[in-house]
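Architecture and fold: a report
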Amino acid sequence: MRKPDGKIVLLGDMNVGKTSLLQRYMERRFPDTVSTVGGAFYLKQWRSFNISIWDTAGREQFHGLGSMYCRGAAAVILTYDVNHPQSLLELEDRFLGLTETANNDCLFAIVGNKVDLTEERATEGGEKKGQASGEASGGYVSPRVPKQVQLEDAMALYKKILKYKMLDEKDMPAAEQMCFKTSAKTGYNVDLLFETLFDMVVPMIVRQRTEEPSQIVDIASCKTPKQTRSGCCA
Ligand SMILES: Nc1nc2c(ncn2[C@@H]2O[C@H](COP(=O)(O)OP(=O)(O)OP(=O)(O)O)[C@@H](O)[C@H]2O)c(=O)[nH]1
Ligand SMILES: [Mg+2]
């Protein structure tokens, strides 16, 4: 197997849909998933390049492995569930620190998954119009307007990450370009997410390749240093 040319890593809390996003993209389906143990990767050929996409476990007990998976990453997909604001906060508190091992010019995408549920809930909310807010249903009090994460919150986190990484906003893709709302269930924006990143990662791979040879010293072409009379190198 040829060594992958670039690496993309999915990070985020358990249950946000990392595995589902990857399976939706790679296998074009939305199968039942089990909570990931450790990590797993897919290889995607994009143009003439091989890109590995790593799925990681969000469960706390596997947290220590995260920085290992991020080693040498060209891009990290920080995933949250749009219906669980806490999962966005976790990205900053728990997952951002794991990206220290990624490449210096690593790209960050912030992805709010499960948008299909917000649409469902909005429709349900509309149907129940007229009911008292927070009305008890079978003992469970459901708020009329569910708390959802807004895209602006994700964009604010993106800008915070650039500051934290001491990256100049001018040199990096804009927040609007790097914050996505997706649904692994319907496939909404899933291709856009992965393929936007592939297109951004490819020039990084090419740049890396052109920079690398200049660091290699060609011993054969090195001239033998002239000897001075005293025997020291000139
Ligand atoms: N409605 C809906 N459900 C989703 C979506 N994505 C994932 N799910 C469901 O959410 C649950 C968790 O999905 P996973 O993909 O296993 O989550 P994960 O982030 O990989 O979780 P860990 O492996 O534990 O870190 C599963 O029941 C999925 O079917 C989505 O876009 N919409
Ligand atoms: Mg998983």
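- In the nomenclature of an unreviewed UniProt entry, the protein chain corresponds to Ras-related protein Rab-20 from the organism Nannospalax galili.
- Listed under Cofactor (unreviewed entry) in UniProt, the entry text for the protein chain is "Mg(2+)".
- Per its UniProt entry, the protein chain bears the Catalytic activity (unreviewed entry) comment "GTP + H2O = GDP + phosphate + H(+)".

Considering the pairing of strand β5 (residues 107-113)
- In terms of burial, β5 is a largely internal element, 7 of the 7 residues being buried.
- Neither face of β5 is left uncovered, since the one carrying L107, A109, V111 and N113 and the one carrying F108, I110 and G112 both have all their residues buried.
- Across 7 bridges, strand β4 (residues 75-81) lies against β5 in parallel orientation. Bridging across to β5, L78 finds its partner in I110.
- The parallel pair β4 and β5, bridged by helix α3 (residues 85-95), forms a crossover whose chirality is right-handed.
- Sheet topology note: the β5/strand β8 (residues 179-181) ladder contains 3 bridges and is parallel. The residue of β8 that forms the bridge with V111 is F180.

Observations concerning unusual backbone geometry
- Its identity is not glycine, yet M166 carries a phi of approximately 55 degrees, on the positive side.
- You can see M166 is positioned in the loop between α5 (151-164) and α6 (175-178).
- The class of M166 is exposed, set by a relative accessible area of 76%.
- For N189, which is not glycine, the phi dihedral falls at a positive 65 degrees.
- Mapped onto the elements, N189 comes out in the loop between β8 and α7 (190-215).

Conventions we followed
- Once a new chain begins, its residue numbering starts again from 1 and follows that chain's sequence as written.
- As they are written, the chains are lettered A onward and the ligands numbered 1 onward, keeping that order.
- A pLDDT threshold of at least 70 governs which residues receive local features in this predicted model, and a stricter bar of 80 or more applies before side-chain atom pairs are shown or counted, although totals over entire chains, interfaces and linings include all residues.
- Hydrogens and water are ignored here; the side-chain numbers use all heavy atoms of the structure.
- UniProt positions are given in the numbering used here, feature names are shortened, and annotations may be inferred rather than shown by experiment.
- Only protein chains enter the accessibility calculation, which uses a 1.4 Å probe; a residue whose area is less than 20% of its type maximum is buried, one above 50% is exposed, and one in between is partly exposed.
- Note on conventions: DSSP H or I runs of at least 4 residues are helices, E runs of at least 2 residues are strands, and numbering of each starts at the N terminus.
- The criterion for strand pairing is that DSSP finds at least two bridges linking the strands in question.
- Look down the strands so they point away from you; if going from the first strand over the helix to the second traces a clockwise path, that crossover is right-handed.

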